[in-house]
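Residue-level structure breakdown
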Amino acid sequence: MADAIADTRRLYTKPQNLNDAYGPPSNFLEIDVSNPETVGVGRGRYTTYEVRLKTNLPIFKLKESCVRRRYSDFEWLRAELERESKVVVPPLPGKALFRQLPFRGDDGIFDDSFIEERRQGLEQFLNKTRKPKEDLVAGHPLAQNERCLHMFLQDEFVDKNYTPSKIRQA
C-alpha cells in the first residue's frame with residue numbers, strides 16, 4: 001500500500017463561455033404564487049392567488065402560464081397527488097379555523113398579514129419540501145407526469161371531475 005500514489009490530476013472540463021454562464025439553464029421550472037385578491041361579500045367571500053409558471057421542460061404544453069387558484073384548489077391538488085402519484089407530498093399551510101370565528105378584532109382570514117403568510121406557504125408547498133435534498137412537488141419527475149398538476153398549473157379552470165391519467169412526453 002505504501003507504493004500507492006494519489007492521483008491529483010484535475011478532470012478535464014470544458015471551458016465555460018458567456019452563454020453557458022449567463023444563458024438559460026438547461027432545464028428549469030419556476031412557479032410563483034403572488035397577487036392575492038379577495039372577492040365576494042359575506043359568506044361568499046374568498047381569496048384567490050395568481051400561480052405563474054415558467055419552464056422549458058418538454059412535458060409541459062405551455063412554456064408560460066398564469067392562472068388564479070383558491071386555497072381549496074391547492075387542497076384538491078394535494079389530495080390528487082397523494083392519491084395518484086408515488087410522491088411524498090408536503091403539508092399545506094393550515095386552515096386557520098380560529099381566524100374564521102366571528103367577533104374578532106381583525107379581518108380574520110382576510111387580514112393582509114394572514115393572506116401574505118398563506119401565500120408564502122402555498123408557494124413553498126409547490127416549490128419545496130421540508131428536507132432540503134428532496135425534490136419539490138412540481139419539480140418531482142413523478143408529479144410532473146400527473147394530469148392533475150398540469151391542469152392546476154396551466155388550465156384556466158380546474159375540472160375536479162377529471163379522469164386521472166399520466167401525461168406522456170411528446
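Residues numbered from 1 in each chain as written. Predicted model: local features only at pLDDT ≥ 70, side-chain atom pairs only at ≥ 80, totals over all residues. Heavy atoms only, no water.

The protein chain is annotated in an unreviewed UniProt entry as PX domain-containing protein from Poecilia mexicana. Recorded in UniProt under Sequence similarities (unreviewed entry), the annotation for the protein chain is "Belongs to the sorting nexin family." (UniProt positions renumbered as here; feature names shortened; annotations may be inferred.)

Helix length check: helix α3 (residues 112-127), at 16 residues, gives a terminal C-alpha distance of 23 Å against a target of 22 Å (1.5 Å per residue), a fit within 8%. For α3, the set of buried residues is F114, I115, R118, R119, G121, L122, F125, L126 and N127. Against β1 (29-39), β2 (46-55), α2 (71-84) and α5 (147-154) lie the buried residues of α3. (Helix = DSSP H or I, 4+ residues; strand = E, 2+ residues; numbered from the N terminus. Expected span 1.5 Å × (residues − 1). Buried < 20%, exposed > 50% of the residue type's maximum accessible area, 1.4 Å probe, protein only. Contact = heavy atoms within 4.5 Å.)

Before going further, it helps to spend a moment on the sheet that holds β2. Through backbone hydrogen bonds, the strands of a sheet pair up, either in parallel or in antiparallel fashion. Pairing within the open sheet is antiparallel, and its three strands lie in the order β1-β2-β3. Only two strands of the sheet have a single partner each, and these edge strands are β1 and β3 (64-70). Each strand of the sheet is rotated relative to its neighbour by a mean of 20°, with strand direction disregarded. Sheet analysis places β2 next to β3, joined by seven bridges and oriented antiparallel. Opposite Y49, over in β3, you have R69 as the bridge partner. Strands β1, β2 and β3 of the sheet are contacted by α2, whose axis makes an angle of about 105° with β3. (Pairing = 2+ DSSP bridges. Axes fitted to C-alpha atoms, helices over the stretch in contact; angles between N-to-C directions.)

Here we take up the pattern of salt bridges. Think of it this way: side chains of opposite charge can pair up when their charged atoms draw near. This model, assessed by the stated rule, comprises 10 salt bridges. A salt bridge links R119 to E123; its shortest N-O distance comes to 3.7 Å. With R119 and E123 both in helix α3, this residue pair falls four residues apart, about one helical turn. For R119, a relative accessible area of 14% corresponds to the buried category. Look at E123 and you get partly exposed, because its relative accessible area is 22%. Residues participating in the shared-partner salt-bridge network are E50, R52 and R68. (Salt bridge = Lys/Arg side-chain N within 4 Å of Asp/Glu carboxyl O.)

We now examine the pairing of β2. Along β2, seven of the 10 residues are buried, which leaves the element largely enclosed by surrounding structure. The pairing of β1 with β2 spans nine bridges and is antiparallel. Residue pairing across strands places T38 opposite T47, the latter belonging to β2. In this structure, the hairpin formed by β1 and β2 is closed by a connection of six residues, where G40 is found at a positive phi of approximately 85°.

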